[in-house]
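Residues per chain are reported as follows:
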Amino acid sequence: MSQRIDVKDLNIYYGDFLAVQDVSMAIEPQSVTAFIGPSGCGKSTFLRTLNRMHEVIPGARVEGTVAMEGVDLYGDDVDPVAVRRQVGMVFQRPNPFPTMSIEENVLAGVRLVNKRISKADAAELVETSLRGANLWEEVKDRLAKPGSGLSGGQQQRLCIARAIAVKPQVLLMDEPCSALDPISTLAIEDLISELKRDFTIVIVTHNMQQAARVSDRTAFFNIAGTGKPGRLIEMDETGVMFASPTEKATEDYISGRFG
Ligand SMILES: Nc1ncnc2c1ncn2[C@@H]1O[C@H](COP(=O)(O)OP(=O)(O)OP(=O)(O)O)[C@@H](O)[C@H]1O
Ligand SMILES: [Mg+2]
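Residues numbered from 1 in each chain as written. Chains lettered and ligands numbered in written order. Predicted model: local features only at pLDDT ≥ 70, side-chain atom pairs only at ≥ 80, totals over all residues. Heavy atoms only, no water.

**Student:** For this particular structure, what's the right way to read the overall build of the protein?
**Tutor:** The secondary structure content of the protein amounts to ten helices and ten strands. Rg of the C-alpha trace for the protein: 18 Å, near the compact-globule value of 18 Å for 259 residues, within the 12% margin. When its C-alpha atoms are laid out on the principal axes, the protein stretches across 55 × 45 × 30 Å. Relative to its 259 residues, the protein shows a buried fraction of 51%. Summed over its atoms, the accessible surface of the protein is roughly 12100 Å², and 50% of this surface lies on carbon and sulfur atoms. Averaging the locations of the 28 positively and 34 negatively charged side chains of the protein gives two centres separated by 5 Å. (Helix = DSSP H or I, 4+ residues; strand = E, 2+ residues; numbered from the N terminus. Rg over C-alpha atoms; globule rule 2.2 N^0.38 Å. Buried < 20%, exposed > 50% of the residue type's maximum accessible area, 1.4 Å probe, protein only. Areas by Shrake-Rupley, 256 points an atom, 1.4 Å probe, with all protein chains shown as cover. Lys, Arg positive; Asp, Glu negative; His and termini not counted. Charge placed at Lys NZ, Arg CZ, Asp CG, Glu CD.)

Structure representation (structure tokens):
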């Protein structure tokens with residue numbers, strides 16, 4: 001199950017510092033949305049507001065709404081832990097738990113939610129999650145070995161398996177390939193294209209080719225200068241954004257004339 005997200009008039013603060021200003025956008029279900037823009041424009045900050053990970057930073061807060069299928073994730077009676085279960089996250093650097101086995105890594109998120117999962121159910125979930133992350137064939141004979149023994153690209157797919165094992169509806173990925181070699185990067189990109197059948201996916205990337213290859217829609221963020229807030233400059237179908245953006249700043253960034 002995959003869901004749409006509607007962001008309206010979102011301002012994002014770290015204490016008194018307005019880091020991202022006045023973002024409104026729709027994120028379509030079962031598609032890939034890419035966030036691009038220069039360093040410091042607030043891509044990661046904005047991404048973290050989509051699963052309420054922003055507010056774990058002391059002093060961090062938002063104004064505005066982030067609605068999933070019409071329900072505001074910041075509503076008074078919404079449990080942030082439940083939000084993070086529905087909206088999973090994969091980070092820039094693969095971060096498997098080093099002392100845990102491959103299978104326990106896959107189950108780590110699930111065990112927080114369901115302590116009594118049976119051995120048979122756990123084994124089945126490990127297999128379906130690793131298959132979903134395109135990693136099963138490579139690790140099926142060493143599930144009890146430590147996750148840290150895998151290559152970087154395999155570790156990132158392990159983290160994706162861990163994220164999808166809790167059956168989220170949305171998957172947020174913050175530069176998931178930036179620590180990977182080109183072959184592993186292509187493996188993750190293929191995987192993203194498959195995952196979008198089941199999930200709403202949002203990916204932050206500095207790689208224009210990657211945004212063009214994997215995403216259906218692209219959002220360009222920019223910043224007017226140090227200390228100024230980041231803003232959403234434009235968002236459109238990826239083909240349109242790369243072929244004929246409306247804003248000159250977008251064109252300059254995409255064609256590498258930025259800065
Ligand atoms: N924990 C924090 N506390 C205070 N300010 C922060 C924090 N994290 C980020 N910022 C600030 O918020 C602004 C946006 O940062 P953010 O990391 O979201 O940018 P980004 O677009 O993801 O950049 P990059 O491409 O380098 O990852 C920056 O000015 C940054 O210094
Ligand atoms: Mg970032």
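Next, the rest of the story.
**Student:** Hey, could you run me through the pairing of strand β9 (residues 217–223) in this one?
**Tutor:** Two faces belong to every sheet, and in a regular strand the side chains alternate between them. For β9, the buried fraction is high: six of the seven residues fall into the buried class. In terms of strand pairing, strand β3 (residues 32–36) meets β9 through four bridges, oriented parallel. Residue pairing for β9: I36 is matched across the bridge by F220. Pairing between β9 and strand β10 (residues 230–237): seven bridges, direction antiparallel. (Pairing = 2+ DSSP bridges.)

**Student:** How should the pairing of strand β4 (residues 60–68) be read in this particular structure?
**Tutor:** The pairing of strand β1 (residues 5–14) with β4 spans eight bridges and is classified as antiparallel. The residue bridging I12 from the neighbouring strand is V62, located in β4. Bridge count for β4 against strand β5 (residues 71–72) is two bridges, and the pairing is antiparallel. Its bridge partner being in β5, A67 is matched across the sheet by D72. In sequence, β4 turns back onto β5 through a hairpin of two residues, with E69 there showing a positive phi of about 45 degrees.

**Student:** Is there a simple way to explain the pattern of salt bridges in this structure?
**Tutor:** Pairing of side chains with opposite charge becomes possible as their charged atoms draw close. Throughout the structure, instances matching the rule amount to 14 salt bridges. The salt bridge involving K8 is made with D9; its shortest N-O contact spans 3.4 Å. You can call K8 exposed: its relative accessible area is 51%. Given a relative accessible area of 38%, D9 falls into the partly exposed group. Residues E63 and R61 are paired through a salt bridge, measuring 3.7 Å at the closest nitrogen-oxygen approach. The class of E63 is partly exposed, set by a relative accessible area of 32%. Because the salt bridges share partners, they merge into one network encompassing E127, R131, E137 and K140. (Salt bridge = Lys/Arg side-chain N within 4 Å of Asp/Glu carboxyl O.)

**Student:** Please explain the packing of aromatic side chains as it appears in this structure.
**Tutor:** A ring pair, where both rings are aromatic, is described by two values, the distance of the centres and the angle of the planes. For the structure shown, the criterion picks out four aromatic pairs. Centroid distance F46 to F221: 5.5 Å. Interplanar angle 45 degrees. Geometry classified as tilted. Of this pair, F46 sits in helix α1 (residues 43–49) while F221 sits in strand β9; the two residues are 175 residues apart in sequence, bridging distant segments of the chain. F221 gets classed as buried once you look at its relative accessible area, which sits at 0%. Counting every residue linked through ring pairs, the aromatic cluster contains F35, F46 and F221. Above the face of the Y13 ring, R61 is positioned so that its terminal group lies 4.1 Å from the ring centre. (Phe/Tyr/Trp six-rings, centres within 6.5 Å; stacked < 30°, edge-to-face > 60°. Lys NZ or Arg CZ within 6 Å of the ring centre and 35° of its normal.)

**Student:** I keep staring at the packing of helix α6 (residues 152–165) against helix α7 (residues 182–195) and nothing clicks. Help me out?
**Tutor:** If you want to describe how two helices pack, look at the angle between their axes and the distance between the axes. At a minimum axis separation of 9 Å, α6 and α7 run at an interaxial angle of 20 degrees. Considering their axes alone, α6 and α7 lie roughly parallel with respect to each other. Where α6 crosses over α7, the handedness of that crossing is right-handed. Facing G153, Q156, R157, I160 and I164 of α6, the residues of α7 in contact are S184, A187, I188, L191 and L195. Each residue belonging to the contact of α6 with α7 can be placed in one class, and the counts come to six nonpolar, three polar and one charged. (Axes fitted to C-alpha atoms, helices over the stretch in contact; angles between N-to-C directions. Parallel < 35°, antiparallel > 145°, perpendicular 65-115°, else oblique. Left-handed = near helix turned anticlockwise from the far one by under 90°. Contact = heavy atoms within 4.5 Å. Nonpolar A, V, L, I, M, F, W, Y, C, P; charged D, E, K, R; others polar.)

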